[in-house]
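Commentary on secondary and tertiary structure
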Amino acid sequence: MTEEEKQIIRKYNEHRKSILRSTTEPRGVRILLIALSVLFMSLFLFVPLVSIFYEAFRSGAGFFLRAVSDRAAMSALRMTLLATCISVPANLVFGLCAAWCIGKFQFRGKSILVSLIDIPFAISPVIAGLLFIFLFGTNSLLGIWFRDHGYRILYAAPSVVIVTIFVTFPFVVREILPVIQAQGTEEEQAARVLGARGWHIFWRVTLPNIRWAVLYGVILCNARAMGEFGAVMVVVGNSPKTNTLPLHINALYQGYADPAAPFAVATLLALMAILTLVLKCFVEWKMSSAESDA
Amino acid sequence: MANLRGQKKFVSIVPPGLRLVERSVLPGFKLTMGLTVTYLSLVVLIPLSGLFLATRHLTFGDFCHIMQNDLVAKSFKLTFGASLCAALVNAVMGFIVAWVLVRYRFVGRRLLDMMVDLPFALPTAVSGIALAQIYSEKGWIGQFLPIPIRGTPIGVTLALIFIGLPFVIRTLQPAIADIDRELEEVSASLGARRHQTFLRVIFPTLSPALITGFAMAFARAVGEYGSVLFIGGMIPGKTEIMSSVILSKLYEENGQVPASAVALVMLAVSFGILLLINLIQIWANRRFALAN
Amino acid sequence: MSIEVRHIVKTFGTFKALDDVSIRINTGELVALLGPSGSGKTTLLRIIAGLEVPDPTSGPIFFGGHDVGSQRIRDRGVGFVFQHYALFRHMSVYDNIAFGLTVKPRKVRLPKEKIRERVMELLHMIQLDNLAHRYPSQLSGGQRQRVALARALAVEPHVLLLDEPFGALDAKVRMELRGWLRRLHDEIHLTSVFVTHDQDEALELADRVAVMNNGKIEQFDTPDNVFHQPATAFVMNFLGQVNQFRGRMAGKGQVRIGKHRGRPAEMVLSRKNWTDDGAAAIFVRPHDLKIVRKPIEGRLCLPAKIERIHSAGAHVRVDLISENNENLVAEISHLDREQLRLEPGDSCYVTPTSVRVFDLIEQDDLVEQGAV
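Every value quoted in this text rests on a predicted model; they were computed, and no experiment measured them.

1. Side note on the overall build of chain C
- Secondary structure assignment for chain C yields 10 helices and 21 strands.
- Sorting the 372 residues of chain C into buried and exposed places 52% on the buried side.
- Nonlocal contacts in chain C, meaning residues at least 24 apart in sequence, comprise 66% of its contacts between residues at least 6 apart.
- A total of about 17500 Å² of accessible surface is found on chain C, and carbon and sulfur atoms cover 46% of it.

Rendered as structure tokens:
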């Protein structure tokens, strides 16, 4: 490199720096902020996540396998899957219905309806559980009716399912609604003019446009359904038979089991969480590329 | 038949302003609306009304008496104090992280961005035991700290920071991305230094999103139970938060009324925050939207 | 203050936005950078402002003889106005205009009272005295752009740079604001450069117009000259409507256009001696294309067929199609139309009264020019 070229490059870099200086932060500040963010996120997010796996395998792989495959863990897994498999589809159907009528029609009281749908987000899980204690409790009409007819709701599987539906209620609709509103109704009207019937319009026109948002909502809904703790704890009380995975972790942690046991079970849920994050990323990428295609 | 129905629609004499639903050629309004309202009522509204029914025997005097109970009052202080601290830490750190994620390009940015949602995705019981473990006296982080974390209000706050972090970051990120670069350029052309641009142009533009994120993190922290249970231990009078008070009251004899009283306060706070967030959004839309 | 840039090159990845651009703008001049989108006009403006860095091989940027290339934007003393105003939405009109004055270092900052006076003066200048406490969202587009201009002028910049200043406004407001800006410039005589893709705006407003294409300045001259004496085929094509014929140069100052009854139609160009036997592009403006019923001896007359007549307007626009299937447009007066009794479907002849010819070197590359 000749002296002249070097000088040109030096001058250019100076120039570049001077311009960047006025529209971005100085280099030192940028590095400091990045370092601070990485450190903070590592301490608060990475370290806890890694520690789960570390603790789980501390007593050896054999112990880990026994802990995750013992009868109580299996029963808890079954209960979690039961609650998830009912609440996610139920909220999916509701989410599609609600998004269709809110997103495609103009009517009075719409904003009230939207606020009502948001209620479970605002309510603390413990209070959510409490609501169902009152609803099906021994003093309530419903509670008495169910007891007289021989159904057990509280402290049994039905209440686990119901309370899970409650806490995951807004997840799907919240994700679909903005997308369906942004789409407008032109495509559906065009389909209508071309003679398509209701189901056809939904199936062939609307759903393809919102499919990633639906998946996104389902992923979030699923993560919350599998992981709900406080609300389920309230309605289940101390009955080990109806423990879900999070409750089983709690029982192991509070009990006299090996300290690695709750972490072993927790790895199942942590894996689910990691899978959720990866899927979420994938769907976000899909959604943004679908948006830029449009 | 279809034709007849079409004609009937045309002679409707309801003036447009009074019509409940605007006419649309799309089908399915009645069906989906019916299902939505039914499901909403069954799952949310009826259970919610149950709480208010349960408190019908609660007199104002009783209510005050319950609130003045030493343990209840202490749990109030802890819940709101720790939630406020956690939300403040989240607001500051969340702002930095969101800024870094949107504005800077560095190795591992995507991974960091993905990890932001971990507190949403990880069940609270799992994050609870993990936090309790690493902050215990022999834990990975706890062993380096001069003061105990487990079983103290600091532990409670740490757990609340963990679960509230994504709210601030996720509300700020789109707001930062939406900032018009031209605003910063114009500010520089007018002679402002970078910190002046930040304080006087960027920060005020982001403040509605920041307040919204802060309020959401705070609301979530007030209602949190699972992650606090393990690290805090719910020691009555020390690390017991309101959610836990509700639970322990429930197991007492005639505990339903006090439990519902505490729950009412929490509900009022939650709805108050929800209202606040909506008001901020309306205000910000009015002030900041440059509708053409 | 004069502005001069020399040999500016700017590449974005593989795209060459500016290709060795040099321009000198005199003190007090109002200059338009005109060109289609992607021609590099905004990039040039942003480089002058200091919002963009030219490539390392570029030459210097002078403001009044001083090289400002390594100065930051806030030290350059430029007023910059964006197409979408870039007003601070959380500040009132007053605070927006006062911004530049209040961010000055304490030592050189004016006292509050003086700032107030200056802002009120500017508000008066942009005729918005009563709206000082409104917020940008409460203003119309034209008002917002005037506030943006006042804000830029508040700091008394050496040069004013405007990026598509009227681009986001509707037609009527645009016309008003155009006239207002011209009058304002005549009053304050601040060296100003504005970017536009609207030729009317450039020709009406500017003292000189730089027509840009593909990262190069094709011509930099007065509005009259760029319109009447376009330097390149691109400028000819870009400014106003134009009919284009393909032909061949036949030496002796002759150009052949197409064929007429088996023989090439020929036209003598008096001023230039054509040495090559190359392809040529012949441009005729619609108002330079005369319609006649019968061919005139000694003139180039091309047979054509009338397709459509648009008579709603000051002139009559006639769409024609030539024998070689070229679409032509002629602009004639209402009187001519009546005298000739033109109707769609009629056959007639067109004869150019003034043409400009450009060499076509290698396929479509239009370079040199000739004149009638």
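2. Focus: the overall build of chain A
- Summing up its helical and strand segments, chain A has 14 helices and zero strands in all.
- Mapped in sequence order, the helices and strands of chain A form the string α-α-α-α-α-α-α-α-α-α-α-α-α-α.
- Since a compact globule built from 294 residues should have a radius of gyration of about 19 Å, the 26 Å found for chain A marks it as more spread out than a globular shape.
- Referenced to the eigenvectors of the C-alpha coordinate spread, the extents of chain A come out at roughly 95 × 65 × 30 Å.

3. A look at the packing of aromatic side chains
- Inspection of every chain in the model, using the stated rule, returns 33 aromatic pairs over all chains.
- Arranged with centres 5.8 Å apart and planes meeting at 65 degrees, the rings of F136(A) and F146(A) form a pair that is edge-to-face. Here the residue F136(A) occupies a position in helix α6 (residues 125–136), and F146(A) occupies one in helix α7 (residues 141–148), the gap between them amounting to 10 residues.
- A centroid spacing of 5.8 Å and a plane angle of 40 degrees characterise the contact between F95(B) and F203(B), whose relative ring orientation is tilted.

4. Focus: the pairing of strand β2 (residues 15–25) of chain C
All names here are of chain C.
- Pairing of strand β1 (residues 3–12) with β2 involves seven bridges; the strand directions are antiparallel. By the bridge assignment, K10 is partnered in β2 with L18.
- Hairpin connection from β1 to β2: two residues lie between these consecutive antiparallel strands, with G13 at a positive phi of about 60 degrees.

5. Some thoughts on the interface of chain B and chain A
- Counting residues at the interface gives 87 residues for chain B and 88 residues for chain A.
- Taking both sides of the interface into account, the surface hidden between chain B and chain A amounts to around 8000 Å²; carbon and sulfur atoms contribute 80%.
- On the chain B side of the contact with chain A, L26(B), Y39(B) and W140(B) bury the most area, a combined 8% of that side's loss.
- Linking chain B with chain A are two salt bridges, by the criterion used here.

6. Overview of the sheet that holds β2(C)
Residue and element names in this part refer to chain C.
- On the basis of which strands lie adjacent, the open sheet formed by four strands has the order β2-β1-β4-β5 and antiparallel pairing. The open sheet is flanked by β2 and β5 (66–67), the only strands paired with a single partner.
- In the packing of helix α1 (residues 41–49) onto the sheet, contacts are made with β1, β2 and β4 (61–63), and the angle to β1 comes to roughly 120 degrees.

7. As for helix α12 (residues 242–251) of chain B
- The buried fraction of α12(B) is high, at eight of 10 residues.
- Within the sequence span of α12(B), burial applies to M242(B), S243(B), S244(B), V245(B), I246(B), L247(B), K249(B) and L250(B).

8. Some words on the sheet that holds strand β17 (residues 316–322) of chain C
Residues and elements named next belong to chain C.
- Read across the sheet, five strands follow the order β15-β19-β16-β17-β18 without closing on themselves; strand pairing throughout is antiparallel. Only two strands of the sheet have a single neighbouring strand rather than two, namely β15 (289–292) and β18 (327–332). Neighbour to neighbour, the strand axes of the sheet diverge by 45 degrees on average, direction disregarded.
- Taken together, the four bridges between strand β16 (residues 302–310) and strand β19 (residues 347–352) define a ladder with antiparallel strand orientation. Looking across to β19, one finds that L302 is bridged to V350.

9. What about the packing of helix α8 (residues 153–178) of chain B against helix α10 (residues 194–223) of chain B?
Residues and elements named next belong to chain B.
- For the pair α8 and α10, interaxial distance at closest approach is 8 Å and the crossing angle is 160 degrees. Taken as axis vectors, α8 and α10 run roughly antiparallel relative to one another. α10 is crossed by α8, and the crossing has right-handed handedness. Across the interface between the two elements, L160, I163, G164, F167, V168, T171, L172, A175 and I176 of α8 pack against L206, A209, L210, T212, G213, F214, M216, A217, R220 and A221 of α10.
- Residues that form the contact of α8 with α10 fall into these classes: 14 nonpolar, four polar and one charged.

10. Things to note about the pattern of salt bridges
- For the coordinates displayed, the defined rule picks out 34 salt bridges over all chains.
- When the shortest N-O distance is used, the salt bridge between R208(C) and E29(C) registers 2.5 Å. A residue pair is termed long-range when its members are at least 10 positions apart, and R208(C) in strand β9 (residues 208–213) and E29(C) in the loop between β2 and β3 (30–34) qualify at 179 residues. Accessibility assignment for this pair places R208(C) and E29(C) in one class, buried.
- Taken together, the salt bridges that share partners define one network made up of E25(A), R103(B), R181(B), E184(B) and R194(B).

11. A few points about unusual backbone geometry
Residue and element names in this part refer to chain C.
- With a phi angle near 50 degrees, N214 is a residue other than glycine that sits in the positive phi range.
- Inspection of the secondary structure assignment puts N214 in the loop between β9 and β10 (216–221).
- For N214, a relative accessible area of 59% translates into the label exposed.
- One non-glycine residue, R341, adopts positive backbone phi at about 50 degrees.
- Mapped onto the secondary structure, R341 falls in the loop between α10 (334–340) and β19.
- Since its relative accessible area comes to 66%, R341 is described here as exposed.

12. Some thoughts on the packing of helix α4 (residues 70–103) of chain B against α12(B)
Residues and elements named next belong to chain B.
- At a minimum axis distance of 8 Å, the contact between α4 and α12 shows a crossing angle of 150 degrees. Relative to α12, α4 is oriented roughly antiparallel. Contacts between α4 and α12 involve V72, S75, F76, T79 and F80 on the former and, on the latter, M242, V245 and K249.

13. A look at the pairing of β16(C)
Residue and element names in this part refer to chain C.
- Across six bridges, the pairing between β16 and β17 is antiparallel. Residue pairing across strands places R308 opposite D319, the latter belonging to β17.
- Between the end of β16 and the start of β17, which pair antiparallel, lie five residues, with G313 showing a positive phi angle near 155 degrees.

14. What about a nonpolar patch on the surface?
- A cluster of nonpolar side chains, contributed by L275(A), L279(A), F282(A) and W285(A), occupies part of the molecular surface with about 410 Å² of accessible area.
- Locating L279(A) in the fold gives a position in helix α14 (residues 260–293).

15. So, the side chain of S2(C)
All names here are of chain C.
- Tracing the backbone through its elements, the reader meets S2 in the segment before β1.
- Residue S2 is classed as buried on the basis of its relative accessible area, which comes to 9%.
- Excluding anything up to four places from it in sequence, S2 contacts R24, I25, N26, T27, F62, F63, G64 and G65.

16. Digging into the environment of Q138(C)
Residues and elements named next belong to chain C.
- Summarising the element assignment, Q138 is placed in the loop between α4 (112–125) and α5 (141–154).
- Taking the relative accessible area as the measure of exposure, Q138 reaches 46% and is therefore partly exposed.
- The sequence separation of Q138 and V93 amounts to 45 residues, and the corresponding C-alpha distance is 9.9 Å.
- Side-chain polar atoms of Q138 contact the backbone nitrogen of Y135, separated by 2.7 Å.

Conventions used here
- Residues numbered from 1 in each chain as written.
- Chains lettered and ligands numbered in written order.
- Predicted model: local features only at pLDDT ≥ 70, side-chain atom pairs only at ≥ 80, totals over all residues.
- Heavy atoms only, no water.
- Helix = DSSP H or I, 4+ residues; strand = E, 2+ residues; numbered from the N terminus.
- Buried < 20%, exposed > 50% of the residue type's maximum accessible area, 1.4 Å probe, protein only.
- Contact = heavy atoms within 4.5 Å.
- Areas by Shrake-Rupley, 256 points an atom, 1.4 Å probe, with all protein chains shown as cover.
- Rg over C-alpha atoms; globule rule 2.2 N^0.38 Å.
- Phe/Tyr/Trp six-rings, centres within 6.5 Å; stacked < 30°, edge-to-face > 60°.
- Pairing = 2+ DSSP bridges.
- Buried area = accessible area lost by both parts, 1.4 Å probe.
- Salt bridge = Lys/Arg side-chain N within 4 Å of Asp/Glu carboxyl O.
- Axes fitted to C-alpha atoms, helices over the stretch in contact; angles between N-to-C directions.
- Parallel < 35°, antiparallel > 145°, perpendicular 65-115°, else oblique.
- Left-handed = near helix turned anticlockwise from the far one by under 90°.
- Nonpolar A, V, L, I, M, F, W, Y, C, P; charged D, E, K, R; others polar.
- Patch = residues over 30% accessible without salt bridge, like charges linked within 9 Å, V, L, I, M, F, W, Y side chains within 5 Å.
- Polar contact = N/O pair within 3.5 Å; in protein donor to acceptor, adjacent residues only side chain to side chain.

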